[in-house]
Amino acid sequence: MRSSTGTGTVPRERGRVTGGVGDSARRPDGAPKVDGSFAFSSDLWADDMLWGRTLRSPHPSARIRSVDVERARRIDGVVAVVTADDVPGSPCFGLEHRDQPVFAHDVVRFHGEPVAAVAAVHPEIAARACEAIEVDYAELDPLLDPEAAIDADPIHPDGNVVRHLRIRHGDVDAGGDVTVEGTYELGMQDQAFMGPESGLAIPDDAGGVDLYISTQWLHVDRDQVAACLGLPTEQVRLTLSGVGGAFGAREDVSLQVHVCLLALRTGRPVKMLYSREESFLGHVHRHPGRLWYRHHATADGDLVKVEARIVLDGGAYASSSSAVIANASCFAAGPYRMPNATVDGYVVRTNNPPCGAMRGFGAVQACFGYEAQMDKLAAALGVDPVELRLRNALAPGDSLITGQVIRGTAPVREVIEAARAHPLPPDPDGRPEVLLPGGTGLTASRGDVRRGVGFAVGFKNVAYSEGFDDYATASVRLEEGVDGEPVATVHSAAAEVGQGLVTLAQQVVRTELGVERVILRPADTSIGSAGSSSASRQAWMTGGAVQAACNAVKETLLRRVAGAHGVDVEGARRQLLVVRDGWVTHVEGDLRLSLVEALDGRPVEQVSVYRHAPTTPLDPDGQGDAHVAFVFAAHRAVVDVDQELGLIRVLQVATGQDVGRALNPVQVTGQIEGGIAQGVGLAVMEEVVMDDGRVRNASFVDYLIPTALDMPEVAATLVEQPEPGAPFGAKGVGEPPTISSTAAVVAAVRDATGLELRRVPIRPEHIALAAGSGADGT
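My aim in this report is to walk through the structure given alongside it, one point at a time. (Residues numbered from 1 in each chain as written. Predicted model: local features only at pLDDT ≥ 70, side-chain atom pairs only at ≥ 80, totals over all residues. Heavy atoms only, no water.)

### Re the overall build of the protein
Consideration 1: When helices and strands are counted, the protein shows 18 helices and 32 strands.
Consideration 2: For the protein, the C-alpha radius of gyration of 27 Å lies close to 28 Å, the compact-globule estimate for 778 residues.
Consideration 3: Each principal axis of the C-alpha atoms in the protein carries an extent, and together these give about 85 × 70 × 55 Å.
Consideration 4: Within the protein, buried positions represent 63% of all 778 residues.
Consideration 5: Taking all contacts inside the protein whose residues are at least 6 apart in sequence as the whole, residues at least 24 apart take part in 80%.
Consideration 6: In the structure as shown, the protein presents an accessible area of about 28400 Å², 49% of it carried by carbon and sulfur atoms.
Consideration 7: One finds the centroid of the 70 positive side-chain charges in the protein at a distance of 2 Å from the centroid of its 102 negative side-chain charges. (Helix = DSSP H or I, 4+ residues; strand = E, 2+ residues; numbered from the N terminus. Rg over C-alpha atoms; globule rule 2.2 N^0.38 Å. Buried < 20%, exposed > 50% of the residue type's maximum accessible area, 1.4 Å probe, protein only. Contact = heavy atoms within 4.5 Å. Areas by Shrake-Rupley, 256 points an atom, 1.4 Å probe, with all protein chains shown as cover. Lys, Arg positive; Asp, Glu negative; His and termini not counted. Charge placed at Lys NZ, Arg CZ, Asp CG, Glu CD.)

Have a look at this one:
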């Protein structure tokens, strides 16, 4: 895989200390992860440790007549068996709504729902004990169709419709000279992180518990675990363990309550480690979706109105579905001026597996629909698809369909032009046969290979929305190290899930304090919340909290120096003393102290809480300033397609991405490459296959993800326009690569085949069986 990166001309802040903001500083966890010495949560171990295991329902919908655990308890080596009757606190948990049982009691609502858990001296004994538990099920007909679920009898006490978001903007009766319509569908995508769920719970002598866990949000996990255990939060302490990827799937509780309950019941440390199959059953996935669109435009190509109905399948429980459908609905028109809109977004409960956060968070589903529509509209108007997008591109000062005016940066034209400017790959005639569709299978005939080029643009919000009190906490301690040099220590509860936040925290401190050596304390709940590592928010939020803590350290230190040296720094003279490049200096005098001299043996530590600008809830018509900022990206995909066999090779994905300011260009490029990999996967191979409510491909043998051999060349341009109000002007970069790359790849396959291809992932039969038959590929 090759990548080329272009950057803008934002000046870099450089001083004596390197590795600050704007540099491609090395990750502190990079080498250990490469050489195998990094400890992931699955590597955890404790003396006298037991192994936990969960019994799960084999049915998507059933009543539980009885649960008999006596045979399991009698197995030698089994120490505890727990069911719903053993949960001492709240019987349910949930990220936004506590609607999901710790263990199913009267009814199971999805394939894989936990029914009981076991602790034993060996994992194989724990597995045997689960097999020995006798559950008498009365199977029920599962509710699997999300459209039908809207009006069907409820499968949950809270009803089937988790949220219906209604957006009415402008003149709902407006029409245009040209109208195009389409229906689109997306399958269920898994986050496919490398490290399956795992954690270690250690009970204390006072009835509390310490949990070492791979997660995205320590404090919300703690609050849910404490509620279910019936304990005050101070008796449940969480520490982040090494996280082997997340992408949204670790936002929800999985094994946390189970492993803590077993530890408290046995009085011994308990470790749980999911198999890959159990991981597929034990975490949320990307929402499958069905989207209907109608676009209206003038004969000149100006967008007039969008009509949309979006139905997402949330599965059995709510998770973060309310926020996901909000994103899908709010961004349903795409990054384009749209004066009028009628959008109805639904997310519903079914007896399919629960769905929740995944990279792109609702924006991926909407983008697949509206970008297909933009290509249809361009064809109906007889104009170039890219020019149509440029003509209607949002800019600062424009309004979204929620009525919110874009106050920050919106380089939509710039990202489109950047993606288009990358050179196209060479024609397939000169390519080795192993690089044709089908690869080393050598199945492709050059005469059957068709080249296609597709374009797509996407956007979404940064950070939390709709009035949520979004904040992050961080502490910074500055002191003299044992070597006589200054050292700074950062403490935050923000989860490093692979995105490089640990690198960024060090860069911020180096920039603000001029300190070379920056130590990172383990993330845990002994400090205030940093929020979730999701919504492309941690660079902004925790980066802002660390910056604020650094500023508070500087303020304290400067007041200390001013008092010691008789410098008046009050009122208008406040800025006469500064910390610059690791020195305290007087801008009008000759006072110059090293940080160690300024500290004079007394450390300085400050804790800061950072909040972004407030947002507001949406009103009944879906209008309001619900989001703090927006991030944009454009993708151009090039594919070769073997029409006879329906095989696809994605050759290149070129992108222009709005990054605000690139705080670490190499890490930004890595995020772009990884996000595009998941976008390509959803386009051509990734889907959790459901059969009558049961997962049929819960393994990486049958759930296909792109390998290095499947990855295209990635050509990336970072479009830098610093965002007002954001720390260092940076925006989050993790999600945009996934949002429109899927739509771009599908557009390229449509270009190569002439098929409509209304569903992703595209399967070989969608092309091979449709070619020459007159079908549309769906």
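### Focus on the packing of helix 10 (residues 385–392) against helix 11 (residues 412–421)
Consideration 1: Remark: helix 10 packs on helix 11, axes separated minimally by 9 Å, with the N-to-C direction vectors making an angle of 160 degrees. Considering the angle they form, helix 10 stands roughly antiparallel to helix 11. Considering how the two elements wind past one another, helix 10 and helix 11 form a crossing that is left-handed. Listed contacts from helix 11 to Val386, Glu387, Arg389, Leu390 and Arg391 of helix 10 are Arg413, Ile416, Glu417 and Arg420.
Consideration 2: Looking at the contact of helix 10 with helix 11 residue by residue, the classes come out as three nonpolar, no polar and six charged. (Axes fitted to C-alpha atoms, helices over the stretch in contact; angles between N-to-C directions. Parallel < 35°, antiparallel > 145°, perpendicular 65-115°, else oblique. Left-handed = near helix turned anticlockwise from the far one by under 90°. Nonpolar A, V, L, I, M, F, W, Y, C, P; charged D, E, K, R; others polar.)

### Describing the sheet that holds strand 22 (residues 517–520)
Consideration 1: Across the sheet, which stays open at both edges, the four strands sit in the order 22-21-20-26 with mixed pairing between neighbours. For this open sheet the edge positions go to strand 22 and strand 26 (604–611), each flanked by a neighbour on one side alone. Within this sheet the neighbouring strands show an average axis-to-axis angle of 20 degrees, counted without direction.
Consideration 2: When strand 21 (residues 486–492) meets strand 22, the two strands line up parallel, connected through four bridges. Its bridge partner being in strand 22, Val490 is matched across the sheet by Leu520.
Consideration 3: On top of the sheet, helix 12 (residues 501–513) reaches strand 20 (471–480), strand 21 and strand 22; it is set at about 140 degrees to strand 22, its chief contact. (Pairing = 2+ DSSP bridges.)

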